[in-house]
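Spelled out, the chains give:
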Amino acid sequence: RATSNHKVKETVALELSYVNSNLQLLKEELEELNSSMDVYQNDSESISVPMIPLGLKETKELDLLVPLKDFIIDHYGEEGVQFEKEIKEFMELRQAMRTPSRNEAGLELLMEYYNQLYFLDSRFFPPTKTLGVFFHWYDSLTGVPSHQRALAFEKGSVLFNLGALHTQIGARQDRASLPGLNQAIDAFQKAAGAFNYLKENFSNAPSLDMSAASLTMLVRLMVAQVQECVFEKMTLLRAQNDFLARLQLAQEAARVEYVYSLVHQTMSQPHVKDYVPFSWTTMVHVKSEHFRALSHYFAAIALCDCPAPSDAELLEQEKAFLQFHVTMPEGPSLRVLLQDPEERRKLAKAHLKKAIMKHEEAMRIHGLCKILRKMDILQEVLSFAHKRSLSKYSEIDHEEDFFETGEAPDIHPKTHQKPEIKSPNFSQVKVTDLFHRLGPLSVFSAKNKWYPARRVHLMRGENGFGFTLRGDSPVLIAGVIPGGCAAEAGLKEGDYIISVNGKDCKWSKHAEVVQLLKSTGKEGVDIGVITLQGSECPKAVDRKAAVMSSGSGMLKSNKENSRKSLMNSKSASTLLVWSKKSKRSKKSTYSGVPFTAVGDNEAMY
C-alpha cells in the first residue's frame, strides 16, 4: 500500500513469502519440542503406550521490590525498607517456582507459592487500582507470550503448571507394576482436577492454553489417560483363562476407545483444532482405534480360548453376555451360542476380523504423523497387537470354512473404576503470611483505607481512661464515655489500638493490651490509634464491600479454600479476580452499642 511501483511490490512479496516459510518451519520445530512425549516417559524396559504430558508455562523474572515498598509507604504508612527481607523472600519463592522438580517437592513448591498469592492479593491489590506491574507468561504449547496486570493471571498460570506437573509425573510412572499404575491414575486425576478448577474459577484468560475450550479438552484428555491406566491395571490383575474376566477386559478397552473418541472430537473443534499439536490429535486418534481393536480381540479370546460353560456357569455367562454387545449378534440363541464351540468360533472370527481392520487403521493414522513415527515404543505396541490378532485369526481359521464371516457387533463400553476428578487441596500445604507484620488482614488489607495513625496521650482519671475495649488483634475501642479522659484526648468509637507506649499492638490479644494500660503510672500512656475511612463501624465497611462486589461482578465459591472470585464487569480483558471470604471474629467486630451497654466480650477502663 505504501508504493505503486510494481517491482518494489514484487520484491517485498518475495521477501515476505521467504519470511513466512521460515516462520512456518520454526513453528513446526517449536510444536515438535513443546509436544514432545518421549522426554517425560518412564525409563522402564517394559512396553507401555506413551502418555501425553504437558510442558510447563514459562514466565519472566519479576522485580517487586520497588512497587511493594512504595505501596507499603503509601497505603500502610510504614517504612518500606523495613519489609525488604519479606519482599526478597517472596521473590525468591517465585524464582524457585519457575523450575519445580518433577516430584512431590515440586508440587508442594507450586502450591506454597499459589497460597502465598492469596496473601499478596489481600495485602497489595486493592479492588480499584493495580500495582502497576505486569505478569508475563508464555503459552505452554505455542510459546506465545501474554501479559496482564491482574494477579489472577499469575494465579491461573501457577494453577495450570500444577496440573501440567501432575501430567509429567503421571507419564513418568512405570505402568508395568501395580504401584506405578496407581500413582499414574492418581497423578492424572489430580491434573484433571487442576484444569477443571481453573476452568470453573477463572475466565477471560489472555493465553489460549487457559481458554475454556482448551481446558475442557485437557480435562477430557486426562480422564481418558486415567481410563487407559485402569484398563492396564485390569490386564495385570485378570485371571488368565476366565471367560467373564476377558469379557470385562473387552468392555474396559471399549470404554477407553469411547473416552479417547470424545477427546478426538473435542480436539477437532474449530477453536481447538488449529491450536492443539497435530501429534496430540493423531496420538488420541491412534489410541481410539487401537483400543477398539483390543476390545474385539479380547472378545474373541473369551469365545475361542475359554471352554464352553458348565450348567452351573451358564446362567451367569448368559447374563454377562446379554449386556456385552451394543446389539445382539445374528444367529442362534444366546444359550446355543455359548454352548456350541463352532458357533463360538464363528463369532470369535468375526471379532478378530474387525480387530485386524482397526489395528491396521491405527497403524495407518500413526504413519501420517512425523513425530509419532519417531516413537519406536508406540510403533512396537501397535505392531505387536496387530500380529497377535493375525496369529489368533490364522489359528482359528479353517480351510473348509465356506461361510462368510459376519459383521461383529460393537462392544458395550463399561468400566469397574470410573475416573475421579480430584480438585486441588489447597490446605494440604500450610503457609504463613510473609507480610504478617503489617497487621491482621481483617483490618490491614489493600481493600481497607484508614486515616493517618494518631498518637494520643491519656491520663487516668477517677473513673479510669473512659473507654470500652472489645476484641483482639487489633483491639477495638467499642465505646467512649462523653466527657471522659478518652473523649477529651480525641479517641472515638471504632478506633483500633495499634500501639501502647511505642509497643506494636496490632497482633496483641485483649488481655495483653489491658495489662499494658494497667501498668501505666501517673505520667499517663501514649496510645497509637487508626480509624477506618468511610465509617467508624467495620461492619458497615464490610456491608458496603459486599454490596459493591455483588453489583460489579460474578461470584463463585469453592469449598476447598473458602475463596471468592470476583470479575470486574468493566474490563473484559481481565481474569476473574479472587479474594478470600472475610472471616472477622465476633470478638473484634464493632457492635454499635452505646458505652453504657457493655457486651459480654467488652470491658470498661
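Residues numbered from 1 in each chain as written. Predicted model: local features only at pLDDT ≥ 70, side-chain atom pairs only at ≥ 80, totals over all residues. Heavy atoms only, no water.

- Going by an unreviewed UniProt entry, the chain carries the name RHPN1 protein and comes from Promerops cafer.
- Recorded under Sequence similarities (unreviewed entry), the UniProt text for the chain is reproduced unchanged: "Belongs to the RHPN family." (UniProt positions renumbered as here; feature names shortened; annotations may be inferred.)

1. Section: a negative patch on the surface
Next, step 1: A contiguous patch of negative charge on the surface is contributed by Glu89, Glu92, Glu104, Glu108 and Glu112.
Next, step 2: Listed by contribution, the elements that provide at least two residues to the negative patch are α3 (84–97) and α4 (104–124).
Next, step 3: Within the secondary structure, Glu92 is located in helix α3. (Patch = residues over 30% accessible without salt bridge, like charges linked within 9 Å, V, L, I, M, F, W, Y side chains within 5 Å. Areas by Shrake-Rupley, 256 points an atom, 1.4 Å probe, with all protein chains shown as cover. Salt bridge = Lys/Arg side-chain N within 4 Å of Asp/Glu carboxyl O. Lys, Arg positive; Asp, Glu negative; His and termini not counted. Charge placed at Lys NZ, Arg CZ, Asp CG, Glu CD. Helix = DSSP H or I, 4+ residues; strand = E, 2+ residues; numbered from the N terminus.)

2. Regarding the confidence of the model for the chain
Next, step 1: Chain-level pLDDT for the chain is 82 on average; 81% of the residues reach the 70-or-more range.
Next, step 2: This model gives residues 536–600 a pLDDT under 50, and the stretch forms 134 contacts once residues within four places in sequence are excluded. (pLDDT = per-residue confidence, 0-100. Contact = heavy atoms within 4.5 Å.)

3. Thoughts on the pattern of salt bridges
Next, step 1: Per the stated rule, a full pass over the model turns up 24 salt bridges.
Next, step 2: In this structure, the salt-bridge partner of Arg292 is Asp410, at a minimum N-O distance of 2.9 Å. Note that Arg292 is positioned in helix α10 (residues 278–305) and Asp410 in the loop between α15 (376–396) and β3 (454–458), a separation of 118 residues in sequence.
Next, step 3: The class of Asp410 is partly exposed, set by a relative accessible area of 28%.
Next, step 4: Salt bridges here are not isolated pairs; linked through shared partners, they connect Arg292, Lys354, Glu407 and Asp410. (Buried < 20%, exposed > 50% of the residue type's maximum accessible area, 1.4 Å probe, protein only.)

4. Some details on empty space enclosed by the protein
Next, step 1: According to the stated counting rule, one finds one cavity of 30 Å³ or more in the structure shown.
Next, step 2: By volume, the largest cavity amounts to about 40 Å³.
Next, step 3: Surrounding the largest cavity, Leu54, Ser140, Leu141, Phe160, Asp209, Ser214, Met217, Leu218, Tyr275 and Trp280 form its lining.
Next, step 4: If one sorts the elements of the lining of the largest cavity by residue count, helix α7 (residues 212–237) sits on top with three residues.
Next, step 5: Considered class by class, the residues forming the lining of the largest cavity number seven nonpolar, two polar and one charged. (1 Å grid on protein atoms, 1.4 Å probe; cavity = no way out; pocket = protein on both sides within 12 Å on 5 of 7 lines; lining within 4 Å. Points joined across faces, edges and corners; volume = space filled by probe spheres on them. Nonpolar A, V, L, I, M, F, W, Y, C, P; charged D, E, K, R; others polar.)

5. Digging into unusual backbone geometry
Among all residues save glycine, negative phi is the norm, and among peptide bonds the norm is trans.
Next, step 1: Following Ser473, the chain continues into Pro474 via a peptide bond in cis, with omega recorded as -5°.
Next, step 2: For Pro474, the position within the fold is in the loop between β4 (467–470) and β5 (475–480).
Next, step 3: The backbone of Ser473 shows a phi angle near 50°, a positive value even though the residue is not glycine.
Next, step 4: Tracing the chain through its elements places Ser473 in the loop between β4 and β5.

6. Observations regarding a nonpolar patch on the surface
Next, step 1: A surface patch of nonpolar side chains, about 260 Å² in accessible area, is lined by Leu178, Leu236 and Leu237.
Next, step 2: Position of Leu236 relative to the elements: it lies in helix α7.

7. Some details on the packing of aromatic side chains
Next, step 1: In this structure the tally under the stated criterion is 19 aromatic pairs.
Next, step 2: Aromatic side chains Tyr260 and Phe291 sit 6.5 Å apart centroid to centroid with 15° between the ring planes, which places their arrangement in the stacked category. With Tyr260 in helix α8 (residues 243–267) and Phe291 in helix α10, this residue pair connects regions lying 31 residues apart in the sequence. An identical accessibility class is assigned to Tyr260 and Phe291; each is buried.
Next, step 3: With centroids separated by 5.9 Å and ring planes inclined at 25°, the aromatic side chains of Phe465 and Phe467 adopt a geometry described as stacked.
Next, step 4: For Phe465, a relative accessible area of 1% corresponds to the buried category.
Next, step 5: Phe467 sits in the buried class, given a relative accessible area of 0%. (Phe/Tyr/Trp six-rings, centres within 6.5 Å; stacked < 30°, edge-to-face > 60°.)

8. Some details on the side chain of His325
Next, step 1: Relative to the assigned elements, His325 resides in the loop between α11 (311–322) and α12 (334–339).
Next, step 2: Setting aside its immediate chain neighbours within four residues, His325 contacts Leu347, His351, Pro409, Asp410, Ile411 and His412.

9. Some words on the state of the cysteines
Next, step 1: For the coordinates displayed, the defined rule picks out zero disulfides.
Next, step 2: Looking at Cys304, it has no disulfide partner, and the nearest cysteine sulfur is the one in Cys306, 8.3 Å off.
Next, step 3: Here Cys304 falls in the partly exposed class, since its relative accessible area comes to 24%. (Disulfide = S-S within 2.5 Å.)

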